[in-house]
Amino acid sequence: MSTEDAALERLRYPIGRFEEDPHPTPEKYERWIDRIAALPGELRTVVQGLSDDQLDTPYRPDGWTVRQVVHHVPDSHLNAYIRTKLALTEDVPTIKPYDEATWAELPDCSGPPEASLQLLEALHQRWTATLRALDEPARQRTLHHPEDGRLTVGRFIQSYAWHGHHHRAHIANLCTRMGW
């Protein structure tokens, strides 16, 4: 990998790519759920006080703007919440993928981030309440993703703990690089 490619990889994946833990424990699930619960406040803090020009700055070349990232997180986590509930209430439901890049171009992703921050706060209150109540058989419930195959609720917990932290790091790293 060239130096330029490695630099772009660090911008795209500031905390590294997601890797599923093959040996999750109840304690690890608790930490992942705590990370999901903390995200709304952390995301609010990292964007607090940013100007419209700063919100409209891409976090990397050809990447989303800070504003789009803030709006993307609740879009993604809403889908994850619904998918979790489907997996818990249906027998291996097939979920519908969505084009997140196109969603980021919709008009609701160009407005102030406050509505998305409020949505994320309310969503994570409900989602983490659900996740904290799950036992191991519930975490092993599965759904079918047309592109990724069978996924468990436990994998969702891991991946969305990573996902929120990943996007918060995009913004925090940009702020550091720009001296904001």
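Please refer to the structure placed before this passage.
Residues numbered from 1 in each chain as written. Predicted model: local features only at pLDDT ≥ 70, side-chain atom pairs only at ≥ 80, totals over all residues. Heavy atoms only, no water.

1. Quick look at the overall build of the protein
Scanning the protein from terminus to terminus reveals 8 helices and 2 strands. Secondary structure of the protein in N-to-C order comes out as α-α-α-α-α-α-α-β-β-α. Here the C-alpha coordinates of the protein stretch approximately 45 × 40 × 30 Å along the principal axes. Out of the 180 residues in the protein, the part that is buried amounts to 43%. Taking the intrachain contacts of the protein between residues at least 6 apart in sequence as the baseline, contacts between residues at least 24 apart amount to 78%. Accessible surface for the protein amounts to roughly 9,700 Å². Of this, 51% is attributable to carbon and sulfur atoms. Between the centroid of the 20 positive side chains of the protein and the centroid of its 27 negative side chains there is a distance of 4 Å. (Helix = DSSP H or I, 4+ residues; strand = E, 2+ residues; numbered from the N terminus. Buried < 20%, exposed > 50% of the residue type's maximum accessible area, 1.4 Å probe, protein only. Contact = heavy atoms within 4.5 Å. Areas by Shrake-Rupley, 256 points an atom, 1.4 Å probe, with all protein chains shown as cover. Lys, Arg positive; Asp, Glu negative; His and termini not counted. Charge placed at Lys NZ, Arg CZ, Asp CG, Glu CD.)

2. Some thoughts on the nonpolar core
By size, the foremost hydrophobic cluster in this structure holds 20 residues, and its most contacted members are I36, W127, L131, L143, F156, I157 and Y160. Mapped onto this core, the elements with two or more residues apiece are helix 2 (26-47), helix 4 (66-89), helix 6 (114-132) and helix 8 (153-178). For this core, the element with the highest residue contribution is helix 8, accounting for 5 residues. Contact partners of L131, with chain neighbours within four places excluded, come to I33, I36, T84 and I157. Judged by nonpolar contacts, the second largest core, of 19 residues, contains Y59, V69, A104 and I171. (Core = buried A, V, L, I, M, F, W, Y, C linked by side-chain atoms within 4.5 Å.)

3. Here's the deal with the environment of N79
Within the secondary structure layout, N79 lies in helix 4. Distance from N79 to P97, taken between C-alpha atoms, is 9.1 Å for residues 18 residues apart in sequence. Sequence-distant contacts of N79, defined by excluding residues within four places in its chain, comprise Y98 and W103. For N79, the side chain forms a polar contact with the main-chain oxygen of D75, separated by 3.0 Å. (Polar contact = N/O pair within 3.5 Å; in protein donor to acceptor, adjacent residues only side chain to side chain.)

4. Topic: the pattern of salt bridges
Scanning the entire structure with this criterion turns up 9 salt bridges. Note that R44 and E121 form a salt bridge whose closest N and O atoms lie 2.8 Å from each other. You can see R44 sitting in helix 2 and its partner E121 sitting in helix 6, a full 77 residues away along the chain. A residue is classified by how much of its surface remains accessible, and R44, at 25% relative accessible area, is partly exposed. (Salt bridge = Lys/Arg side-chain N within 4 Å of Asp/Glu carboxyl O.)

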